[in-house]
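# Chains, contacts and geometry: an overview
Here's the letter readout for the chains.
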Amino acid sequence: DVTLIASHGPVTFGDTKEGSMAIRVPTSMSVGGPKGGGHIVTAEGLRDLGAWGQSADWVDYWGPVGGKTVGVALFDHPQNPRHPTRWHVRTYGLFAANPFGLKPFDKSAPGTGGLSLAAGARATFRYRFVFHSGDEKQAGIAALYRDYCRPGEGR
């Protein structure tokens, strides 16, 4: 959980493709290329290059590390502002949830994706990283996400 507080006056987070909650995966997990053997999968079943900039409840990035298939899923909680978030997830290993960007992903009007907080206002974002063996199906990522969203969970 991350709570942003405009404690010293109003704050605006700009409309950018750069994410907010992020991780980099090992090069061996990247998608394609001479060093990568991984995959990206969204909750909606979009894969690899097709996942970039899309909205989804969760995204899973999995591939080989040290001779084993492992992965990491990132969950966007339904109570988050702008849920389901957009994903700045790249085939070279960048993996970020991005609630602040719209224009870079769907060519919205400039500034559409920015988020403003009035002086003293708060915005709370809840995310969960799940590190696992296997791909998203073997790890049961969809079921783990449903559990995360149950009342009382993900807090």
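Report on the accompanying structure. (Residues numbered from 1 in each chain as written. Predicted model: local features only at pLDDT ≥ 70, side-chain atom pairs only at ≥ 80, totals over all residues. Heavy atoms only, no water.)

## Brief notes about the nonpolar core
Counting residues in hydrophobic clusters, the biggest one holds 21 residues, and the most contacted among them are Ile40, Val59, Tyr61, Trp87, Val89 and Phe95. Setting aside anything within four residues of it in sequence, one finds Phe95 in contact with Met21, Ala22, Ile23, Val59, Asp60, Tyr61, Val72, Ala73, Leu74, Trp87, His88 and Val89. Core analysis: the second largest hydrophobic core is formed by seven residues, Ala73, Phe75, Ile141 and Tyr148 among them. (Core = buried A, V, L, I, M, F, W, Y, C linked by side-chain atoms within 4.5 Å. Buried < 20%, exposed > 50% of the residue type's maximum accessible area, 1.4 Å probe, protein only. Contact = heavy atoms within 4.5 Å.)

## Quick notes on the pairing of strand β5 (residues 58-65)
Consecutive side chains along a regular strand alternate between the two faces of the sheet. By the criterion of burial, β5 is predominantly enclosed, with six of the eight residues buried. As paired elements, strand β4 (residues 39-42) and β5 share four bridges and run antiparallel to each other. Bridged to Val41 within β5 is Asp60. Note: β5 against strand β6 (residues 68-76), eight bridges, orientation antiparallel. Across the sheet, residue Val65 finds its bridge partner in β6, namely Lys68. The turn joining β5 and β6, which pair antiparallel and follow one another in sequence, is formed by two residues; a positive phi near 60° is taken by Gly66. (Helix = DSSP H or I, 4+ residues; strand = E, 2+ residues; numbered from the N terminus. Pairing = 2+ DSSP bridges.)

## What to know about the sheet that holds β4
An order of β4-β5-β6-β11 is seen for the four strands of this open sheet, with the pairing classed as antiparallel. Looking along the sheet, the strands with just one partner apiece sit at the ends: β4 and β11 (127-133). If you compare each strand with its neighbour and ignore which way they point, the axes differ by 15° on average. Running at roughly 30° to β6, helix α3 (residues 141-149) makes contact with β5, β6 and β11 of the sheet. (Axes fitted to C-alpha atoms, helices over the stretch in contact; angles between N-to-C directions.)

## Here's the deal with α3
Listed as buried for α3 are Ile141, Tyr145 and Tyr148. Buried residues of α3 fall within an arc of 55° about the axis and therefore sit on the same side. Structurally, α3 contributes buried residues whose contacts are with β5, β6, β11 and α2 (136-139). (Arc of directions from axis to C-beta.)

## A word on the sheet that holds strand β3 (residues 21-24)
One open sheet holds the three strands; their spatial order is β3-β8-β7, and the pairing between them is antiparallel. In the strand order of this sheet, the two ends are held by β3 and β7 (86-89), each with one partner. Mean inter-strand twist for the sheet, computed between neighbouring axes without regard to direction, equals 10°. Here four bridges tie β3 to strand β8 (residues 94-98), and the two strands are oriented antiparallel to one another. Residue pairing across strands places Arg24 opposite Leu94, the latter belonging to β8.

## Remarks on the side chain of Thr85
Of note, Thr85 is situated in the loop between β6 and β7. Polar side-chain contacts of Thr85 include one of 3.2 Å to the backbone oxygen of Asn98. Residues contacting Thr85, with those up to four places away along its chain left out, are Gln54, Ser55, Ala56, Asp76, Ala97, Asn98 and Pro99. (Polar contact = N/O pair within 3.5 Å; in protein donor to acceptor, adjacent residues only side chain to side chain.)

## A closer look at the environment of Asp57
Locating Asp57 in the fold gives a position in the loop between β4 and β5. Once the C-alpha coordinates of Asp57 and Arg150 are considered, the two residues, 93 residues apart in sequence, prove to be 14 Å apart. Setting aside its immediate chain neighbours within four residues, Asp57 contacts Ala43, Glu44, Leu74, Phe75, Asp76, His83, Pro84, Trp87 and Tyr145. Polar side-chain contacts of Asp57 include one of 3.0 Å to the side chain of His83.

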